[in-house]
Amino acid sequence: MSAVSPDLPSKRSWPWLGEFLTGERQAWIFVFKCLLAFYLTAWLAMVFQLEQPATAMITVSIVMHPQSGMVLAKSFYRAIGTVAGSLCGLLLMAAFPQQRELFLLSLSLWVGLCAGGAVLYRNFMSYGFVLAGYTAAIVVLPVINNPNAVFNSAVLRVSEVMLGIIVAGLVSDIVLPERLREVLRRSLREHFGHFIEFARGSLGGHIPRSEMEQAHLRFVRAAVQLEDLRSTVIFEDPEARARSSRMQLLNLRYMAAATSFQSLHHLINRLERNNHPRTAAALIKLYAPVGEALSPATSENAMPRLLTNRLEASETKLPALAAELRDELRQDPELLLEFDSGTTLLRRFVNELRDFTALEATLRETQGRLQGTVERVDFKRANDFASPLIAVVRTFLTMLTLSVFWLATAWPFGPSALLLATVFSGLLATSPTPLAATANTWIGYALGMAAAYIVTFWLLPGSDGFIMLILATTPLLLIGPYLTARNATLPGVGAGYTLGFVYIFALKNPMEYNPERFINDGIASLFGLMMSGAAFMVIPTLIGTRWLRRRQLQQLRRQVTFAATAPMEGLLYRFESANRDLFQQVVSFTQPRSEESKELLAWALAVHDCGRAVLELRQDMLHADLPPSVLETMHKAVLALAQLYDEPNAERWQQADRAVDHAITLTTQTLPQARASCQPALAHLLQLRTALRDDESALAPYIVKSPESSHAP
C-alpha cells in the first residue's frame, strides 16, 4: 500500500511560489547589504569629517549589485572614471577660471565625448566613461563661482567616491556574497555539454538549415555570454584571474570548432541538394568515427579528458577510412574533388574539437594557477561609430542648452540641473528605449525626493545621533534597493528612487534645515532629468533602430573583407569573436523568427562559412609552396569574394564565381606535380565554390545560373 495518498495535493502544485520566495530571499539580502553599506559609508564619512557624505552614499547606490563580481567590476571602472573626471575638471577650471562661457562649452564637449565613449564600449568599461563625464561636473559645478576651491573640491569628491567604492566592495564581498564564479563554471560546463551533444546528435550527417540557424544562434550567445562573465569574474576570484587567458582561449577554440562544424554540415547539405548523394553519404560515413568518439558507453563518464583521448584515437582511423571511401568514388572525378574538400574540413573540425576538449579537461582537472604559458588571444568587440557620434552630439547640445539657459536667467540652482542632466545623459545614452527609461527614472526620482522630504523635515528634526538617523531613514530608504532587486517588474524606478532619495537628502556634516533650498534643488534636479529625456525626443537614439541594424548587417558582411585583407597574425580569433559580437548586437533587437531575423541568420552563416574558408585559404597561400601562377589566381579569387560581400550584386557574384572557378581549374591542373601543397588550398577553393552556388544561402538572390565546369584531378 502506498504511504502517500494519490489524492493529496502535490507540493509542486505551485512552482511559482518557490520561485517567488527565492526571489524575495535574494531581494531582501540585497536590501540588507545596501542599507549596511549606506550607513557604514555615512558613518565613516562623518568620522573622517568629509564634507558631503551624500556623495559617498550616491556612489554606494550606483555601485551596489546583488552579485559581488558586478560590484567589484563597477567599482574598478568607477574609480578610473572618477580620477579621470576629476583631473579633467581641474584642467578645465585652470584653463578658464574667469571665462564661464568657454568653461561651460568645454565641459559640455567633455561630457558629450564621455557619453559617446559609453555607447562605443560595453559592459562596465562603458560605465567608466559615464563616470568620467559627470565626475567633472560634480567637482567643478558646486565651486564654479570660487575657482580657488576647485582643488579642494576635487580632493574631497575623490575621497568620498573612493570611500563609497571601498565600503560597497567589502560589504558585497564579505556579507552573504553571491559569487559569479559558480555561474561561470556552470555556464562553461553547460555550453560544453550542449555543443558535444549537438555534434554527437548529428551522426546522420544531414541537419536542416532551420535547425543549423538556431544552433548558430545558441553558439553565438554562448560565446558572448562566456566572455562577459569572464571579464566580470576576474574581479572577484583570484583563481579566475590567474586562469583568465586560458578561459579566453577555451572560448575562442569553442568558436573555431563551432564554425568548422557548421561548414562541414553545410557542405553535406549542399551536396545532397545538388544531386551528389554518394559524396554526401561518403562524408557521413567518414564522420561516423567522430560521432562514436563523442558517444562513450553509459558505464563511462563522458569527461573532457576521455573525449580528448577518444578523439585522438578517431583521428588515426580517418586517413584509412578516407582512402577506402575515396576508392568507391574514383569513377567520378568531380565527386572526388568534393569528397577531398569535405575530408579536409572534417579533419580540421576534429583537430579543433580535440584541442577544445583538451583545454576544457585541463581547466577542470587543475586548481589554481596553471603552469606554462598560453597563446595570447583577445575577444575582439565590433563597434559602429554612428551611435556614439549621435550620443556625443545629443549630450553636447543638451549640456550647452542648459548652460545657455543658466547664463541667460542667472538661475541660482542651474548647477543642480546641469549636474543631473550630466549624470542621466550618460547613463541613458546606452539604453535602447531612453524615453521609457527616462520616464521610469523620473517617477522613481520624484518618489525618492518625496520620501527624503518626509525624512528630512518630519522625522529627523526631533531625533539626535547616528542611531536615530538610521531609524528615521531606513523604512523609506529600503524601498529603493528592493525595487532595484525587482527591476524586471518596474525597470529603472528603483534606481531612480534611491538616487533621488540620497541626492536630495544630501547628508552633510553638519546637516542643514533649509526647506526652501531643498525644494528648489529638487525642482532643478527634476528639470535636468526632464531635459536629458527631452534631448532623446529631439535627437532619437540609434540603438536598436532598423537603420542601425542594416548598418551592422553590412558591417557583418564586411567581415569577409576583413578576413581577406587583414594581417594574418591572430586573425582567426579576431574574425571569430568580432563576428559573434556583431551578430549578437543585431539579433538582440530583431524580432525572433521574423523575416529580418531569417535574413540576418542567413547572412551570419554565410559570413562564417565563407570568411573562415577565405582565412584558411590565405593560410595555405602563406605557408604552402604554391606556384606563382596558382598563387596569383587564388589572390584574385580572395579579392573577388571580398568585393562581393562588401557590396553584393549579381555582377560581383559572377566575377567571384569566375575567379574561384579559374583558381580551381589552375590548381587542379597543377595538382599532379605539387599535390602536397595544392591539395589543402584546392579543398578550400571547392568549399568556397559550393558556398557561392548555395541556392539556400543569403547569396541566392544574386546567383546567375550557368553550367558548371568539370575539373579532372
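On a predicted model such as this, the values are computed, not experimentally measured, just so you know.

Caption draft 1: Fine view of the overall build of the chain. Scanning the chain from N- to C-terminus turns up 27 helices and zero strands. For the C-alpha atoms alone, the extent of the chain along its principal axes is close to 100 × 80 × 50 Å. Counting across all 713 residues of the chain, residues that qualify as buried make up 55%. On the chain, roughly 31,000 Å² of surface is accessible, and the fraction owed to carbon and sulfur atoms is 60%. One finds the centroid of the 63 positive side-chain charges in the chain at a distance of 2 Å from the centroid of its 61 negative side-chain charges.

Caption draft 2: Region of interest: the packing of aromatic side chains. Under the defined criterion, the tally for this structure stands at 26 aromatic pairs. Measuring from ring centre to ring centre gives 6.3 Å for Phe219 and Tyr254, while their planes differ by 85°; the resulting arrangement is edge-to-face. Taken as a pair, Phe219 in helix H8 (residues 209-233) and Tyr254 in helix H10 (residues 244-273) lie far apart in primary sequence, 35 residues in all. In this structure Phe219 comes out as buried when scored by relative accessible area, which is 5%.

Caption draft 3: Just the packing of helix H15 (residues 414-428) against helix H16 (residues 434-459), in detail. Relative to each other, H15 and H16 sit at 135°, their axes nearing to 11 Å. With respect to H16, the element H15 is oriented oblique. The handedness of the crossing between H15 and H16 comes out as right-handed. On H16, the residues touching Leu420, Phe424 and Leu428 of H15 are Pro434, Ala437, Thr438, Thr441 and Tyr445.

Caption draft 4: How the structure looks around the packing of helix H7 (residues 181-200) against H10. Between H7 and H10, whose axes approach to 12 Å, the crossing angle comes to 20°. One element, H7, and the other, H10, form an angle in the roughly parallel class. Along this stretch, H7 crosses H10, giving a crossing that reads as left-handed. Residue-level contacts link Leu184, Leu188, His191, Phe195, Phe198 and Ala199 of H7 to Met247, Leu250, Tyr254, Ala257, Ala258 and Phe261 of H10. For the contact of H7 with H10, the class distribution of residues is 11 nonpolar, one polar and no charged.

Caption draft 5: Spatial organisation of the pattern of salt bridges. With the rule as written, the count across this model stands at 37 salt bridges. Here Glu365 and Arg305 are joined by a salt bridge, their closest N and O atoms 3.2 Å apart. Residue Glu365 is found in helix H13 (residues 333-365), and its partner Arg305 is found in helix H12 (residues 304-328); the two are separated by 60 residues along the sequence. A relative accessible area of 48% means that Glu365 is categorised as partly exposed. Judged by relative accessible area, Arg305 falls into the partly exposed class, the value being 30%. The residue Asp581 makes a salt bridge to Arg381 at a minimum N-O spacing of 2.8 Å. In this pair, Asp581 is assigned in helix H23 (residues 571-587) and Arg381 in the loop between H13 and helix H14 (386-409), connecting sequence segments 200 residues apart. On the basis of relative accessibility, which here comes to 2%, the residue Asp581 falls in the buried class. Here the residues in one salt-bridge network are Arg270, Arg273, Asp609, Asp694, Asp695 and Glu696, joined through shared partners.

Caption draft 6: Up close: the side chain of Ser532. Looking at the secondary structure, you find Ser532 in helix H20 (residues 515-538). For Ser532, a relative accessible area of 1% translates into the label buried. The residues contacting Ser532, other than those within four sequence positions of it, are Thr398, Ala421, Phe424 and Ser425.

Caption draft 7: Layout of a nonpolar patch on the surface. Residues Leu40, Trp43, Val47 and Phe48 make up a contiguous nonpolar surface patch of about 390 Å² in total accessible area. Locating Leu40 in the fold gives a position in helix H1 (residues 15-47).

Caption draft 8: Representation of unusual backbone geometry within the structure. A positive phi angle is found at Gln49, which is not glycine, with a value near 60°. Gln49 gets classed as exposed once you look at its relative accessible area, which sits at 66%. Even without being a glycine, Ala506 presents a positive backbone phi close to 50°. Mapped onto the elements of the fold, Ala506 is located in the loop between helix H19 (493-505) and H20.

Caption draft 9: Inspection of the environment of Gly522 at higher detail. Positionally, Gly522 belongs in helix H20. Between the C-alpha atoms of Gly522 and Ser202, which are 320 residues apart in sequence, the distance is 63 Å. Once residues lying within four places of it in the same chain are set aside, the contact partners of Gly522 are Met449 and Ile504.

Caption draft 10: Geometry of the confidence of the model for the chain. Chain-level statistics for the chain give a pLDDT mean of 86 and a share of 93% at 70 or above. Scored below 50 in pLDDT, residues 1-12 shows zero contacts in the model against residues more than four places distant or in partner chains. Counting interchain partners and residues more than four positions distant, the pLDDT-below-50 stretch residues 707-713 has 18 contacts.

Rules of the game
Residues numbered from 1 in each chain as written. Predicted model: local features only at pLDDT ≥ 70, side-chain atom pairs only at ≥ 80, totals over all residues. Heavy atoms only, no water. Helix = DSSP H or I, 4+ residues; strand = E, 2+ residues; numbered from the N terminus. Buried < 20%, exposed > 50% of the residue type's maximum accessible area, 1.4 Å probe, protein only. Areas by Shrake-Rupley, 256 points an atom, 1.4 Å probe, with all protein chains shown as cover. Lys, Arg positive; Asp, Glu negative; His and termini not counted. Charge placed at Lys NZ, Arg CZ, Asp CG, Glu CD. Phe/Tyr/Trp six-rings, centres within 6.5 Å; stacked < 30°, edge-to-face > 60°. Axes fitted to C-alpha atoms, helices over the stretch in contact; angles between N-to-C directions. Parallel < 35°, antiparallel > 145°, perpendicular 65-115°, else oblique. Left-handed = near helix turned anticlockwise from the far one by under 90°. Contact = heavy atoms within 4.5 Å. Nonpolar A, V, L, I, M, F, W, Y, C, P; charged D, E, K, R; others polar. Salt bridge = Lys/Arg side-chain N within 4 Å of Asp/Glu carboxyl O. Patch = residues over 30% accessible without salt bridge, like charges linked within 9 Å, V, L, I, M, F, W, Y side chains within 5 Å. pLDDT = per-residue confidence, 0-100.

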